Amino acid sequence: MTMSTSSSPLPQKIPVVVFIGDAFVDVQTSPLPSLPIWDGDVTCSSVSILPGGSVANSARHYASLFPKHDVRLLVTVGDDLLGRAMIDAIEREGVVSTKYLETVPCPMSTCVVLVGPEGKRAFVSTRGDTSVAWLDAARVDRSGLLEIADHVHVSGLFSVPGLMKREFVSLLAEAKERRNFTFSLDTQYDASNLWGAPSSGATDDDGEAGVLMDLIQLADVFVPNHVEAVGISNAHCVELTSRDRRDETEEAAQRIAEAAPNTLVVVKAGKSGALVVARGLEAPRWVPCPKLEIGKCVDTCGAGDCFAAAMMGRIVEKMYDKTLKFEGVNWKDPSLDEVLDAVAYGCKAGTWCCMHVGACARPVSRDDLLDK
């Protein structure tokens with residue numbers, strides 16, 4: 001390996017962080033006292049139209065928290081009023097470029113977000129021939145983003161069937177080997193409840209069965225929440241035996257880590273914090289989240305997206321703070337202490353998100369996370 005012999009240090013490289021996945025327009029209620037029953041009605045104080053989607057939320061949070069990093073967001077948006085509203089909102093916000101928001105000839109994917117007491121939530125999302133269905137390996141390849149990336153984050157996977165294909169796995173794996181970037185993965189919820197199982201008989205709307213575990217094994221970091229970890233573990237590993245929620249989270253994370261031994265598994269567990277399963281740890285490590293006073297948690301939507309952005313950004317930031325990237329010299333693996341610090345930062349960001357209505361009505365800032 002050849003390094004510069006110049007006495008003056010080379011300028012530090014700005015990391016290019018690429019976000020690939022889903023974009024939705026959220027039609028979101030203010031907190032409801034209860035869900036409506038059929039033929040019934042409930043009232044709320046307001047309904048908002050907000051830019052959303054797991055990866056779009058994470059990219060906006062990341063760019064706001066780490067403004068010195070070069071953030072690129074690749075999503076597909078509809079050629080309609082809501083699609084234009086999505087682009088306009090992100091342009092007005094000004095933290096992420098809309099250069100890679102590709103307009104496609106179909107309606108914008110939309111999610112109706114119902115918020116209940118103490119931050120509880122329920123969703124109704126469009127599938128089928130809407131904008132998320134148009135993102136696939138060919139579009140990712142044409143964007144050229146994998147050729148400049150230092151870190152790639154894929155999220156909203158179950159909403160984007162074109163990324164649940166072997167073509168995308170092959171494209172990502174070849175680029176990762178060639179470019180040596182790092183890769184993080186967040187699936188989000190699977191409305192089909194198939195969880196990409198190898199024998200699920202998935203349709204084109206669900207992607208290819210069995211591909212999910214290939215992506216998890218390829219990832220450097222996998223960031224599901226508790227429900228997703230349990231569903232994926234039951235579908236791809238061994239049926240879980242634990243019934244206590246905390247024990248169930250640990251068992252699911254360990255099963256996934258055994259199936260993907262080179263992947264750091266971080267499970268988002270709501271008010272319990274986050275669970276870390278990594279090589280070198282004798283037992284799973286829990287990282288607590290800040291406690292909120294009663295009534296302070298108003299909306300848990302998007303807290304996991306905010307967590308993922310803060311955690312991954314902290315890891316990227318630490319590695320680039322201490323490692324100049326010369327030609328042929330790549331990432332320095334983070335230490336366990338750095339990982340735990342990053343997870344704690346993610347917990348702080350996720351908690352901040354729970355104190356505000358909307359998955360990402362506005363991106364979190366560094367000032368928001370200062371200890372006060």
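Predicted model, so just to flag it, every value in this text is computed and none were measured.

(A) Here's a closer look at the pairing of strand β8 (residues 151-155). Of all five residues in β8, five are buried; the element is thus mostly enclosed. Here β8 shows a buried face lined by H151, H153 and S155 and a second buried face lined by V152 and V154. Both β8 and strand β9 (residues 182-186) contribute to a ladder of five bridges, which runs parallel. Looking across to β9, one finds that H151 is bridged to T182. For the crossover that starts at β8, traverses helix α4 (residues 166-179) and ends in the parallel β9, the hand is right-handed.

(B) Layout of the sheet that holds strand β13 (residues 285-287). Strands sit in the order β5-β4-β1-β8-β9-β10-β11-β12-β13 across an open sheet of nine strands; the sheet is mixed. At either end of the open sheet lies a strand with only one pairing partner, and these are β5 (101-104) and β13. Relative to β5, strand β4 (residues 70-78) is paired through four bridges, and the arrangement is parallel. Within β5, the position partnered with V75 by the bridge is L101.

(C) Seen up close, the packing of helix α6 (residues 226-236) against helix α7 (residues 245-259). The geometry of α6 relative to α7 is characterised by a closest axis approach of 9 Å and an angle of 55° between their N-to-C directions. One finds that α6 runs oblique with respect to α7. Here the hand of the crossing between α6 and α7 comes out left-handed. Residues H226, A229, V230, I232 and S233 of α6 touch α7, and the partners they reach there are R245, E248, T249, A252, R255 and I256. Among the residues making up the contact of α6 with α7, the classes are represented as five nonpolar, three polar and three charged.

(D) Just the packing of aromatic side chains, in detail. Summed over the entire model, instances satisfying the criterion amount to four aromatic pairs. Between Y189 and W195, the aromatic rings sit 5.5 Å apart at their centres with planes inclined by 90°, giving edge-to-face as the arrangement. Of the residues examined, Y189 reaches a relative accessible area of 45% and is grouped as partly exposed. Three or more aromatic residues joined by ring pairs make a cluster, and in this case those are F19, Y62 and F66.

(E) Structural view of α4. For α4, with 14 residues, the first-to-last C-alpha span of 20 Å sits near the 20 Å given by 1.5 Å per residue. For α4, the full list of buried residues reads F168, V169, L171, L172, A175 and K176. Taken down its axis, α4 places every buried residue within 165° of arc, on the same side. Facing away from the buried side of α4, by more than 90 degrees, are the exposed residues E167, E177 and R178.

(F) View of unusual backbone geometry. Despite not being glycine, N193 has its phi angle at roughly 60°, a positive value. Relative to the elements of secondary structure, N193 occurs in the loop between β9 and α5 (211-218). Taking relative accessible area as the criterion, N193 reaches 47% and is therefore assigned partly exposed. Phi at W195 takes a positive value of approximately 55°, unusual for a residue other than glycine. Its place among the elements puts W195 in the loop between β9 and α5.

Cut-off values and rules
Residues numbered from 1 in each chain as written. Predicted model: local features only at pLDDT ≥ 70, side-chain atom pairs only at ≥ 80, totals over all residues. Heavy atoms only, no water. Buried < 20%, exposed > 50% of the residue type's maximum accessible area, 1.4 Å probe, protein only. Helix = DSSP H or I, 4+ residues; strand = E, 2+ residues; numbered from the N terminus. Pairing = 2+ DSSP bridges. Right-handed = clockwise from strand over helix to strand, strands pointing away. Axes fitted to C-alpha atoms, helices over the stretch in contact; angles between N-to-C directions. Parallel < 35°, antiparallel > 145°, perpendicular 65-115°, else oblique. Left-handed = near helix turned anticlockwise from the far one by under 90°. Contact = heavy atoms within 4.5 Å. Nonpolar A, V, L, I, M, F, W, Y, C, P; charged D, E, K, R; others polar. Phe/Tyr/Trp six-rings, centres within 6.5 Å; stacked < 30°, edge-to-face > 60°. Expected span 1.5 Å × (residues − 1). Arc of directions from axis to C-beta.

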